[in-house]
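The residues making up each chain are set out below.
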Amino acid sequence: MPEITKKNIDEFAVQIKELFDNTKEIEGIHEVNVFKNCIDRDNRYDIMIEMEMEKEALPVYDESQWHVLWKHEYGRFIAQKTIFDRE
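Since we're looking at a predicted model, the values are computed, not measured.

Student: Can you tell me about the nonpolar core, naming the residues and giving the values?
Tutor: One finds Ile16, Leu19, Phe20, Ile29, Tyr61, Trp70 and Tyr74 to be the most contacted residues of the largest nonpolar core, which totals 14 residues. Going through the elements one at a time, α1 (6-21), β1 (29-36), α2 (57-63) and α3 (65-74) are the ones with two or more residues in this core. Ranked by the residues each element gives to this core, the list is headed by α1, at four residues. What Phe20 contacts, discounting residues up to four positions off in sequence, is Val32, Ile49, Met51, Tyr61 and Trp70.

Right, dumping it as structure tokens:
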């Protein structure tokens, strides 16, 4: 896994926000927020991406160029992730 630095995280947060802002072009995706963690501890995640979308938009998002780009460009940096779906 590539080494991640504070500078990388700061740059990634901006790039990820720009990438995910494009997903709002998909019908049913209403809001996208990217949060950068403010505390550096081993038991914390670095970035959180919150998406508000209709259930029907999820498979469209999964097949979108934005999701493919996300996985291709940033997937190698993800050591752990949590996905939470709610109604």
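Don't stop here, the text continues.
Student: Pulling in residues and values, what's your account of the environment of Met51?
Tutor: By secondary structure assignment, the location of Met51 is in strand β2 (residues 47-53). Not counting the four nearest positions on each side in its chain, Met51 is found in contact with Phe20, Thr23, Ile29, Glu31, Val32 and Tyr61.

Student: Tell me about α1, and please be specific about residues and values.
Tutor: The end-to-end C-alpha distance of α1 is 23 Å, a good match for the 22 Å that 16 residues give at a rise of 1.5 Å each. Within α1, the full set of buried residues consists of Ile9, Phe12, Ala13, Ile16, Leu19 and Phe20. For α1, the arc enclosing every buried residue in end-on projection is 135 degrees, short of the 170-degree limit, so these residues lie on one face. α1 presents Lys7 and Glu18 as exposed residues on the side facing more than 90 degrees away from its buried surface. Next to the buried residues of α1 lie β1, β2, α2 and α3.

Student: An account of the packing of α1 against α3 is needed here, citing residue identities and associated values.
Tutor: The interhelical angle for the contact between α1 and α3, taken along N-to-C directions, is 160 degrees, at an axis separation of 10 Å. The orientation of α1 with respect to α3, classified from their angle, is roughly antiparallel. For the crossing formed where α1 meets α3, the hand is right-handed. Where α1 approaches α3, its residues Phe12, Gln15, Ile16, Leu19 and Phe20 are matched on the opposing element by Trp66, Leu69, Trp70 and Tyr74. When grouped by side-chain class, the residues that make up the contact of α1 with α3 number eight nonpolar, one polar and no charged.

Basis of the calculations
Residues numbered from 1 in each chain as written. Predicted model: local features only at pLDDT ≥ 70, side-chain atom pairs only at ≥ 80, totals over all residues. Heavy atoms only, no water. Core = buried A, V, L, I, M, F, W, Y, C linked by side-chain atoms within 4.5 Å. Buried < 20%, exposed > 50% of the residue type's maximum accessible area, 1.4 Å probe, protein only. Helix = DSSP H or I, 4+ residues; strand = E, 2+ residues; numbered from the N terminus. Contact = heavy atoms within 4.5 Å. Expected span 1.5 Å × (residues − 1). Arc of directions from axis to C-beta. Axes fitted to C-alpha atoms, helices over the stretch in contact; angles between N-to-C directions. Parallel < 35°, antiparallel > 145°, perpendicular 65-115°, else oblique. Left-handed = near helix turned anticlockwise from the far one by under 90°. Nonpolar A, V, L, I, M, F, W, Y, C, P; charged D, E, K, R; others polar.

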